[in-house]
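Notes for the structure review
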Amino acid sequence: MLYMIIENFRNGDPLPVYRRFRDQGRLAPHGLRYIASWVTEDRRRCFQVMECEDRALLDQWISEWDDLVDFDVIPVKTSAEVMAALAPRL
């Protein structure tokens, strides 16, 4: 399952997040895969795509960062997956 993660940096400050990342890495448990991320120009928010089969892994990762980041988690599918699912009805 793919997840779009919207990270809102606490107090709009990305520095604590990037310091922890520099010092400790992504802190993702085995089985949670980072796909890609984008940061807004004002550096207050990050959009990140992660993949895992067990949502508990995602929750474990979030617990490593939730002192610095407020998270919104949205399960998503690729456009190709949606197209394939809808194809019989088109």
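One can find the structure itself at the top, above this paragraph.
Owing to the predicted nature of the structure, the values given are computational and were not obtained by experimental measurement.

Thresholds, definitions, all that
- Residues numbered from 1 in each chain as written.
- Predicted model: local features only at pLDDT ≥ 70, side-chain atom pairs only at ≥ 80, totals over all residues.
- Heavy atoms only, no water.
- Buried < 20%, exposed > 50% of the residue type's maximum accessible area, 1.4 Å probe, protein only.
- Helix = DSSP H or I, 4+ residues; strand = E, 2+ residues; numbered from the N terminus.
- Pairing = 2+ DSSP bridges.
- Axes fitted to C-alpha atoms, helices over the stretch in contact; angles between N-to-C directions.
- Contact = heavy atoms within 4.5 Å.
- Disulfide = S-S within 2.5 Å.
- Core = buried A, V, L, I, M, F, W, Y, C linked by side-chain atoms within 4.5 Å.
- Arc of directions from axis to C-beta.
- Polar contact = N/O pair within 3.5 Å; in protein donor to acceptor, adjacent residues only side chain to side chain.

**Considering the pairing of strand β1 (residues 2-9)**
Among the eight residues of β1, six are classified as buried, and the element is accordingly described as predominantly covered. Here eight bridges tie β1 to strand β4 (residues 69-76), and the two strands are oriented antiparallel to one another. Residue pairing in the sheet places Y3 in a bridge with P75 of β4.

**Things to note about the sheet that holds strand β2 (residues 33-39)**
Across the sheet, which stays open at both edges, the four strands sit in the order β2-β3-β1-β4 with antiparallel pairing between neighbours. Two strands bound the open sheet, and with one partner strand each, they are β2 and β4. Averaged over all pairs of adjacent strands, the angle between strand axes in this sheet comes to 20 degrees, irrespective of strand direction. In this fold helix α2 (residues 55-65) packs onto β1, β3 (45-51) and β4, with an angle of close to 160 degrees to the strand it touches most, β4.

**Some remarks on the state of the cysteines**
Such a bond, covalent and formed between the sulfur atoms of two cysteines, is termed a disulfide. In total, this model carries zero disulfides according to the counting rule given. No disulfide involves C46; its sulfur sits 17 Å from that of C52, the nearest cysteine. Since its relative accessible area comes to 2%, C52 is described here as buried.

**A short note on the pairing of β3**
Sheet topology note: the β1/β3 ladder contains seven bridges and is antiparallel. Following the sheet pairing, I5 is matched in β3 by Q48. Both β2 and β3 contribute to a ladder of six bridges, which runs antiparallel. Looking across to β3, one finds that A36 is bridged to V49. With antiparallel pairing between neighbouring strands as the criterion, β2 and β3 make up a hairpin whose turn holds five residues, including R43 at a positive phi of roughly 65 degrees.

**Details of the nonpolar core**
Residues I5, L32, L58, W61 and F71 are the most contacted members of the largest nonpolar core, which totals 16 residues. When residues of this core are traced back to their parent elements, those giving at least two are β1, β3, α2 and β4. Take this core: its biggest share by element is five residues, from α2. Excluding residues within four positions of it along the chain, I5 makes contact with C46, F47, Q48, M50, L58, W61, F71, D72 and V73.

**Observations regarding α2**
Of all the positions in α2, only L57, L58, W61, I62 and W65 are classed as buried. With its buried residues spanning 140 degrees around the axis, α2 presents them on a single face. Contacts from the buried residues of α2 go to β1, α1 (15-24), β3 and β4. The backbone nitrogen of A56 lies 3.0 Å from a side-chain oxygen of the residue at the head of α2, namely D54.

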